[in-house]
Amino acid sequence: MYANYPGSGAGPEPLPSQKSPGSGRAARATRWCGEDGGARAGALGRVQAPARSSGRTGQFGGRWAGARAACRPPDGTWCHGERAAGKAATRGPGAGPVGSEGGPGEQGELGTGGRPPCVSLAGGHNGPGLCLRVGEMAQEHPLPVGAPGLRLVLPQPHRLHHRPPQRRPGCAPRPAPIPCHQAPAPTDLTRMIHILDTEHPWDVHSINSEHSEAITCLEWDQSGSRLLSADADGQIKCWSMADHLANSWESHVGSLVEGDPIVALSWLHNGVKLALHVEKSGASSFGEKFSRVKFSPSLTLFGGKPMEGWIAVTVSGLVTVSLLKPSGQVLTSTESLCRLRGRAALADIAFTGGGNIVVATADGSSASPVQFYKVCVSVVSEKCRIDTEILPSLFMRCTTDLNRRDRLPAITHLKFLARDMSEQVLLCASSQTSSVVECWSLRKEGLPVNNIFQQLSPAVGDKQPMILKWRILSATNDLDRVSAVALPKLPISLTNTDLKVASDTQFYPGLGLALAFHDGSVHIVHRLSLQTMAVFYSSAAPRSVDEPAIKRPRTTGPAIHFKAMQLSWTSLALVGIDSHGRLSMLRISPSMGHSLDVGLALRHLLFLLEYCMVTGYDWWDILLHVQPGMVQSLVEKLHEEYTRQKAELQQVLSTRILAMKASLCKLSPCTVTRVCDYHAKLFLIAISSTLKSLLRPHVLNTPDKSPGDRLTEICAKITDVDIDKVMINLKTEEFVLDMNTLQALQQLLQWVGDFVLYLLASLPNQGSPLRPGHSFLRDGTSLGMLRELMVVIRIWGLLKPSCLPVYTATSDTQDSMSLLFRLLTKLWICCRDEGPTSEPDEALVDECCLLPSQLLIPTLDWLPVSDGLVSRLQPKQPLRLHFGKTPALPGSATTLQLDGLIRAPGHPKTDHLRRLHLGAHPTEECKACTRPPRVAPLGAG
């Protein structure tokens, strides 16, 4: 789907037509589009299904989760995600058991009981991704993504791993994980969950959830490593990522409300909430820019640790809570929201700062009130207890207008503006052709007291009683019928000062929400005033923003429109699935398309990058707006802001900033060589932390400093070039390990030795910044870390010589470890932080020149520079992708080709975990890390 900003002058191009139901399997293309102002990754909200649908789906940054429902044309045949002729009946989440008719006002096709699939975007620490759920009853081969349901998640990019597509078992019911190696039958499409990475969206992994009914909800946790799925039979499963692999999932625990479809699902709040202050974006401290908001967890363990679990709402008005104890036990309790249970066709869940939960429900009719309930969860005598309380309800304002009450019979969307903002709610009432959106706020107001009571009790007049009351903040005029809603996740501060600064600097992330309409357009409107900020058009020609929606000419057939959408964690990208079953991604400019000077644009991007670095959320969508000319300035400014922080915070963020710099440097040919160095530093830090964690004090009384810290202190103090003299100052008994453990570490120790040899041999060519490893030659911290590891390896070699790195030397009597340590120490002295920086002397350079004649220099297998989606989107041109097919790089996006950096298709692969050569065509299946894409056999690591 193509997206154009208002006034861009670029006319939209219609989406390619679909094949007819009888013409076989139609190609499904996902277009990841972007104009200069456009938007990209996101997540889908509840949508309506064009046929008897399975239900909803749930929640960089980033996997994606979602679902697709098949369409049944009038002739009784089944097609995949294609719009069927005539009006297809749908079943809503509150329509009762499968096969029963739903009432009007459900979130779906009006008056037909349509159940929209629901979607959610999670920004965790495992990379962006998407999880999809597929529709039901198809006679052809199931497609990986289909029409109406999609659930998105964007966890962290740099830690996401991926296995090549393979048939794996799925996860059976609770409590034990079950295999899912065989694909489900074509009749089980509603039970399928599809997971893909936003950086490589063409690779889709499908698992069979083995739910007994159609999946209705999907919800990611904050880290993106666990996923909740719920179905129309009331069964909830908790999926866990196995071995940090995005396509390896297992379900150990779950809960069940038998026969009661789930309409809303959420993880319990962990009590962590930040406020992003635009006013202080120029402050030096991260604590001032991103302040911690006082917010209590939903439930705590001993010591104040948040207790994990989930809460769900059923169509019959029940609320169920499951708590996960550290022992693995699940405590589950189910209660009615109120004494007089009513149908909940729509529901949403939010959390209060005091640790309570607020549930909003509606039966789908605009003539009925929207009900709110407070839910308190506790543990009493090792049992979960739920207490509920009725809160003030509201009627939509449009229903009080006699002229419009009958024209808008159904409430189609009900959402809190944020999961941690229970005092603001967004409502949408619709008819077959139009919609009205209203934003409401819960406030405390004084209750007037009659003068008679004030005279009887003077205390009443001194302190006026306070009550809670819903007040409308804003409302729209009649719009085209709303098909999907996406809410912002960026926790921007909404104080008057922050809002004014954001308006003056044209910083709009987190202030806009997305509304998709049946005419194919998407409007970004202000979250408080509901005023239009930007408009995107898909299949219709651009129209004036001021033109009344009700007067727009209507096409003969239904326009292609989004059925579900969701915004990314920084609101710079929007992902949606349309009525023809295609995934589309739009890029949203931080300034909503307004022209900014380069300095202000860099400031906006830097502010968001800092937020992602502090929170750990995925910054993948920010990279979509970085031009190659901005990379150098962003990396320098990011490093400058990082060095201003306290030493403790720098240590916590040390790996994140390296991963962020590596992803930025991939975008420019001028900085592409640094990518390998940043990845090598990440690998070096991981090895150093692992090896130092194995050291143990010799005596039971633990000293003030750990053996690892003492090793760092001694190696920094003693500058002797003789490795044996450095060892004398260490307590070698702290380095004693089991022999089998030492032998298992040999491959990591070999990598350290090879890397030191490679760096020293490249010192004579230090004048060429294009050579990988160049930045290490002036990095005193990294060289000091390598020096410490060489000492550790020397000590362990005395315990077990077979664990030492193996070198091919020209002389049998040469001590390679001593030689490399001596040269490494001389180089470290030249650039260490404590002393003045100096150039390596000629004697050191001459000795390094002789290394190739003394030792065989290893060939390091450097990583590919650009293999993901971000590099392909740099030309800012619309891009069409196909599932299962890796796209070729556009001609204009080719980057600088460097020797040793780009691996040819037939190039031999290397096992990066065991440092073994696998050959060009390994005999066993391999797994690869997508950021960076290291390779290893499936059984390794």
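Residues numbered from 1 in each chain as written. Predicted model: local features only at pLDDT ≥ 70, side-chain atom pairs only at ≥ 80, totals over all residues. Heavy atoms only, no water.

As annotated in an unreviewed UniProt entry, the protein chain carries the name Mediator of RNA polymerase II transcription subunit 16 and is attributed to Camelus ferus. What the UniProt record of the protein chain gives under Sequence similarities (unreviewed entry) is the line "Belongs to the Mediator complex subunit 16 family." Heading Subcellular location (unreviewed entry) of the UniProt record for the protein chain holds this comment: "Nucleus". (UniProt positions renumbered as here; feature names shortened; annotations may be inferred.)

What follows concerns the overall build of the protein chain. Of regular secondary structure, the protein chain possesses 20 helices and 38 strands. Expressed as a percentage of its 941 residues, the buried residues of the protein chain come to 59%. In the structure as shown, the protein chain presents an accessible area of about 36,800 Å², 53% of it carried by carbon and sulfur atoms. (Helix = DSSP H or I, 4+ residues; strand = E, 2+ residues; numbered from the N terminus. Buried < 20%, exposed > 50% of the residue type's maximum accessible area, 1.4 Å probe, protein only. Areas by Shrake-Rupley, 256 points an atom, 1.4 Å probe, with all protein chains shown as cover.)

This brings us to the pairing of strand β15 (residues 308–314). The buried fraction of β15 amounts to 6 of the 7 residues, a majority that puts the element mostly inside the structure. In terms of strand pairing, strand β12 (residues 262–267) meets β15 through 5 bridges, oriented antiparallel. Bridge pairing links W267 to W310 in β15. In this structure, β15 lies alongside strand β16 (residues 318–324), joined through 6 bridges in antiparallel fashion. Within β16, the position partnered with W310 by the bridge is S322. (Pairing = 2+ DSSP bridges.)

Here we come to a nonpolar patch on the surface. Judged by side-chain polarity, I452, F453 and L456 come together as a nonpolar surface patch covering roughly 370 Å² of accessible area. In this fold, L456 is placed in helix α4 (residues 451–456). (Patch = residues over 30% accessible without salt bridge, like charges linked within 9 Å, V, L, I, M, F, W, Y side chains within 5 Å. Salt bridge = Lys/Arg side-chain N within 4 Å of Asp/Glu carboxyl O.)

This brings us to the packing of helix α15 (residues 746–761) against helix α17 (residues 816–831). Running from N to C, α15 and α17 point in directions that differ by 60°, and their axes come no closer than 10 Å. Compared by their axis directions, α15 and α17 come out oblique. Handedness of the α15/α17 crossing: left-handed. From α15, G753, V756, L757 and L760 reach across to α17, where they touch L820, L823, L824 and L827. The class makeup of the residues in the contact of α15 with α17 is 7 nonpolar, 1 polar and no charged. (Axes fitted to C-alpha atoms, helices over the stretch in contact; angles between N-to-C directions. Parallel < 35°, antiparallel > 145°, perpendicular 65-115°, else oblique. Left-handed = near helix turned anticlockwise from the far one by under 90°. Contact = heavy atoms within 4.5 Å. Nonpolar A, V, L, I, M, F, W, Y, C, P; charged D, E, K, R; others polar.)

Our focus in this paragraph is the UniProt feature "repeat: WD" (unreviewed entry) in the protein chain. Sites flagged by UniProt as "repeat: WD" (unreviewed entry) map to residues 208–241. Annotated as residues 208–241, this span is 0% helix and 59% strand, and its ends, taken at the C-alpha atoms, are 15 Å apart.

Strand β22 (residues 410–418) sits mainly inside the fold: 9 of its 9 residues count as buried. Bridging between β22 and strand β23 (residues 421–430) involves 7 bridges; their strand directions are antiparallel. Paired with A418 across the bridge in β23 is M421. Hairpin remark: β22 followed by β23, antiparallel, with 2 residues in the connecting loop.

As a rule of thumb, nonpolar side chains are buried together in soluble globular proteins. If you look at the biggest cluster of nonpolar residues, it comprises 79 residues, and the most contacted ones within it are L276, M565, L574, L634 and L664. A per-element tally of this core places helix α7 (residues 598–615) first, with 10 residues. In this structure L664 touches L609, L623, V626, V631, L634, V635 and L638, once residues within four positions along its chain are discounted. With 56 residues, the next largest nonpolar core counts I714, I723, V726 and I793 among its residues. (Core = buried A, V, L, I, M, F, W, Y, C linked by side-chain atoms within 4.5 Å.)

Tracing the backbone through its elements, the reader meets V482 in strand β27 (residues 482–486). When its relative accessible area of 1% is taken as the criterion, V482 is described as buried. In this structure, the C-alpha to C-alpha distance between V482 and C428, residues 54 residues apart in sequence, is 7.9 Å. For V482, the residues in contact, after removing those within four places along its chain, are H413, C428, S435, V437, A516, F517 and H518.

By way of backbone hydrogen bonds, the strands of a sheet pair with one another, either parallel or antiparallel. Taken in spatial order, the 4 strands make up an open sheet running β12-β15-β16-β17, and their pairing is antiparallel. Among the strands making up the open sheet, the edge pair consists of β12 and β17 (330–336). On average, each strand axis in the sheet is tilted by 15° relative to the strand beside it, whichever way the strands run.

Turning our attention to the pattern of salt bridges. Evaluated as defined, the whole model comprises 23 salt bridges. Here R582 makes a salt bridge to D578, at a shortest N to O gap of 3.7 Å. When sorted by exposure, R582 lands in the same class as D578, which is buried. Among the ionic pairs, R710 bridges to E734, the shortest N-O distance being 2.2 Å.

Another aspect to go through is the sheet that holds strand β20 (residues 370–380). Across the sheet, 4 strands lie side by side as β18-β19-β20-β21; this open sheet has antiparallel pairing. The outermost strands of the open sheet, each flanked by one partner alone, are β18 (346–351) and β21 (383–394). Here the strands of the sheet are splayed against their neighbours by 25° on average, with no regard to which way each runs. Of the strand pairs in this sheet, strand β19 (residues 357–362) and β20 are connected by 5 bridges, and their pairing is antiparallel. Residue pairing across strands places A360 opposite F372, the latter belonging to β20.

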